[in-house]
Amino acid sequence: MIYFKSILIILCVALVSFEVTAQKVVLPRNESDQDLTLAAFVKELIIAIEKHDAKWIYSKLDEDVISTYGDEQTVDVFKTYWDIEGDSTNFWA
């Protein structure tokens, strides 16, 4: 009986601990306005996203962009993987 109570207490404590930790969410602060260069880039990025401006996105990519694990790190692989000019892309979402 003592064994059963001990297990029950441990399970209750574990459940309460899990509930408490599961509810903690720390969101990052948006401090992009503190850097004028970053703020300008973010503004341009938002406009490019709204317009689905693939040329703007391509112009900002690093030549060694990583699109998937295992593939080469190139802009061409990015273009193939994301197909941002296609109708069925998930990139803009």
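A.B. asks: What am I meant to see in the side chain of Thr89 here?
C.D. replies: Of note, Thr89 is situated in the segment after helix H4 (75–82). Within the structure, the side chain of Thr89 is placed 2.7 Å from the backbone oxygen of Trp82, a separation counted as a polar contact. Separated by 3.1 Å, the side chain of Thr89 and the backbone nitrogen of Phe91 make a polar contact.

A.B. asks: Whenever I open this one, helix H2 (residues 36–51) confuses me. Can you help?
C.D. replies: The α-helix winds at 3.6 residues per turn, so residues separated by three or four positions along the chain end up facing the same way. Over its 16 residues, H2 extends 23 Å from the first C-alpha to the last, a length consistent with the 22 Å expected when each residue adds 1.5 Å. If you check the start of H2, you find a side-chain oxygen 3.0 Å away from the backbone N of Thr37, and it comes from Asp35. Downstream of H2 by one or two residues, His52 has phi in the positive range, about 55 degrees.

A.B. asks: Can you help me understand the environment of Leu45 in this one?
C.D. replies: With respect to the helices, strands and loops of the structure, Leu45 is situated in helix H2. Overall, Leu45 belongs to the partly exposed group, its relative accessible area being 26%. Put simply, Leu45 and Lys60 are 15 residues apart on the chain and 9.6 Å apart in space, counted from C-alpha to C-alpha. With sequence-adjacent residues up to four places away left out, Leu45 is seen in contact with Trp56 and Ile57.

A.B. asks: I would appreciate a short explanation of unusual backbone geometry in the present structure.
C.D. replies: Generally, phi is negative for residues other than glycine and the peptide bonds are trans, each holding for most cases. Positive phi values are uncommon outside glycine, yet His52 reaches one of about 55 degrees. Position of His52 relative to the elements: it lies in the loop between H2 and helix H3 (54–60). Note on His52: relative accessible area 47%, which makes it partly exposed. Unusually for a residue other than glycine, Asp83 sits at a positive phi of about 45 degrees. Within the secondary structure, Asp83 sits in the segment after H4. Classification of Asp83 as partly exposed rests on a relative accessible area of 39%.

A.B. asks: Is there a simple way to explain the packing of aromatic side chains in this structure?
C.D. replies: Given two aromatic rings, one states the distance between the centres and the angle between the planes to describe the pair. Counted according to the given criterion, the structure contains 5 aromatic pairs. Centroid distance Tyr81 to Trp82: 5.3 Å. Interplanar angle 85 degrees. Geometry classified as edge-to-face. The class for Tyr81 is partly exposed, based on a relative accessible area of 47%. The class of Trp82 is partly exposed, set by a relative accessible area of 29%. The rings of Phe78, Tyr81, Trp82, Phe91 and Trp92 are connected pair by pair, giving a single aromatic cluster. Over the face of the ring belonging to Tyr58 we find Lys79, whose NZ or CZ atom lies 4.6 Å from the ring centre.

Rules used in this analysis
- Residues numbered from 1 in each chain as written.
- Predicted model: local features only at pLDDT ≥ 70, side-chain atom pairs only at ≥ 80, totals over all residues.
- Heavy atoms only, no water.
- Helix = DSSP H or I, 4+ residues; strand = E, 2+ residues; numbered from the N terminus.
- Polar contact = N/O pair within 3.5 Å; in protein donor to acceptor, adjacent residues only side chain to side chain.
- Expected span 1.5 Å × (residues − 1).
- Buried < 20%, exposed > 50% of the residue type's maximum accessible area, 1.4 Å probe, protein only.
- Contact = heavy atoms within 4.5 Å.
- Phe/Tyr/Trp six-rings, centres within 6.5 Å; stacked < 30°, edge-to-face > 60°.
- Lys NZ or Arg CZ within 6 Å of the ring centre and 35° of its normal.

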